[in-house]
Amino acid sequence: MEIFNFVQAHSVGISALILLVSYVFIALEKIPKAVIALLGAVLTIILGLLSQTKMIDGSINNLYFINYIDFNVIFLLVSMMIIVSVATKSGMFNWLANELLKHTKGKPIAVLFTLGIFTAVVSAFLDNVTTVILIMPITFYAAKKLDINPVPFLITEIFASNIGGTATLIGDPPNIIIGSAAGLSFMDFLKELTGIVAVILVFVLTILALFFKNQLKTKEENMTAIANIDNSGTITNKPLLIRSLIVLVGVIAGFVLHDVTHLETSVTAMLGASLLLIFEKPTEIFKEVEWNTIFFFIGLFIIIGGLEASGGIALMAKWLLNVTQGSQKATALLILWGSGLISGVIDNIPYTATMTPMIAEIQKVMGSDYAFPLWWCLSLGACLGGNLTIIGAAANVIVSETANTQGYSMSFMKFLKYGVVVVLTSLLLSSAYIYLRFLI
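Below or above, wherever it landed, is the structure these notes cover.

Reading the values: the criteria
Residues numbered from 1 in each chain as written. Predicted model: local features only at pLDDT ≥ 70, side-chain atom pairs only at ≥ 80, totals over all residues. Heavy atoms only, no water. Salt bridge = Lys/Arg side-chain N within 4 Å of Asp/Glu carboxyl O. Helix = DSSP H or I, 4+ residues; strand = E, 2+ residues; numbered from the N terminus. Buried < 20%, exposed > 50% of the residue type's maximum accessible area, 1.4 Å probe, protein only. Axes fitted to C-alpha atoms, helices over the stretch in contact; angles between N-to-C directions. Parallel < 35°, antiparallel > 145°, perpendicular 65-115°, else oblique. Left-handed = near helix turned anticlockwise from the far one by under 90°. Contact = heavy atoms within 4.5 Å. Nonpolar A, V, L, I, M, F, W, Y, C, P; charged D, E, K, R; others polar. 1 Å grid on protein atoms, 1.4 Å probe; cavity = no way out; pocket = protein on both sides within 12 Å on 5 of 7 lines; lining within 4 Å. Points joined across faces, edges and corners; volume = space filled by probe spheres on them.

1. Concerning the pattern of salt bridges
Two side chains carrying opposite charge are able to pair once their charged atoms lie near each other.
Working step 1: Scanning the entire structure with this criterion turns up five salt bridges.
Working step 2: Between E280 and K89 there is a salt bridge, and its shortest N-O distance comes to 2.9 Å. In this pair, E280 sits in the loop between α14 (265-277) and α15 (282-286) while K89 sits in the loop between α4 (71-88) and α5 (92-102), placing the two residues 191 residues apart along the sequence.
Working step 3: Looking at E280, the relative accessible area reads 14%, which means it is buried.
Working step 4: Owing to a relative accessible area of 41%, K89 belongs among the partly exposed residues under this scheme.
Working step 5: A salt bridge links E280 to R243; the nearest nitrogen and oxygen atoms lie 3.7 Å apart. Of the two residues, E280 is situated in the loop between α14 and α15 and R243 in helix α12 (residues 238-256); the sequence distance between them amounts to 37 residues.
Working step 6: Given a relative accessible area of 23%, R243 falls into the partly exposed group.
Working step 7: Connected via shared salt-bridge partners are K89, R243 and E280.

What follows is the structure in structure tokens.
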């Protein structure tokens, strides 16, 4: 009993310590991050920071741990993973990438721009990891045909995947968390972020083309091989292709029409996933769902829920407002640059999950007009900051590890050299946009 009294008396410090220790172990990557998050969640509940009881004396218990799990995020992630897994089996994404490569006529600079734009656009609708897994085999094939090192293309795809994922609600997990916490729709993200993301992408691709121009040289006969890619056998299942296209278009249309239908994005995505599963073996498709990611989210929501219930999040919000003296400009730019630099070093998912309740608290104190640009600062910073280091985002790690196993070096320092330039460019452009769009 004394232990529980002690915990209650020091709930802010203890919940903050659980979150901090979880962050440290996530960063060290010695234990799977889903396991760390679940251990932290169980500890949060056992210590009484959140309750395991739904009802108390016939009334709903506000501290019930389930209340702090954002199931809109969970079901949207699971549903989109199912849709992508089924659609990929048809070969549609590989077919599209090959068609685009053919139109480059094999010119290496054109290939770099094409792979970058394709990766960014696909990442706006699929998760970044899925996108780079889809594009890497095509990249190695193109580089082999051109007889050049694939690393410039792979680095470009990493940057493009993180930039493209920033553009929409479903493009990157931080946006899903932000959208759910702030009540922002798919169209809100398109309206506020797609334009600046497109500008950032063009700037970054141009910079990379200048960086890599001496490495992107090949012979005429090699370019001809790319221009004549045989794409006839890429589509492996036409009925599945048709079903997948209908569902993908329908789901995206549902996201766009949210203000008309009033269906949450998670419900729309679940409907699309359910329709595709009618024609599939669910047990096989469920194996493709990244359950590690899902349970990581669940554990993380509970840990941060403990900090929120203790009043720790409110203290963080108060501290931030004191530091910036309530200035909206200072608060916005601090969140943008802080998020960008921090997300380059630690996983942007736990960072975003920690920041969203803090901005929600600021919104309670300062009003929705004050907080509105802060949500976009968090999104831009957290998503774009992943380009800073090789461990800044999951896509970075997967591409670099695959490159290394194929015999192509992509070291931490080599990546950092390009990452610093790309992130600084991205954050400067984002700062100008946020200032001109919201803060004048």
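2. Structural notes on the packing of helix α2 (residues 11-28) against helix α3 (residues 33-46)
Working step 1: At a minimum axis distance of 9 Å, the contact between α2 and α3 shows a crossing angle of 165°. Taken together, α2 and α3 sit at an angle that is classed as roughly antiparallel. Seen from above, α2 lies across α3 with right-handed handedness. Listed contacts from α3 to I18, S22, F25 and I26 of α2 are K33, I36, G40, L43 and T44.
Working step 2: Looking at the contact of α2 with α3, its residues break down into five nonpolar, three polar and one charged.

3. So, the layout of surface pockets
Working step 1: By volume, the largest pocket is sized at about 930 Å³.
Working step 2: If one sorts the elements of the lining of the largest pocket by residue count, α4 sits on top with five residues.

4. Quick word on the environment of F6
Working step 1: For F6, the position within the fold is in helix α1 (residues 2-9).
Working step 2: Residue classification places F6 among the partly exposed positions, given a relative accessible area of 48%.
Working step 3: Along the primary structure F6 and L47 are separated by 41 residues, whereas in three dimensions their C-alpha atoms are 9.9 Å apart.

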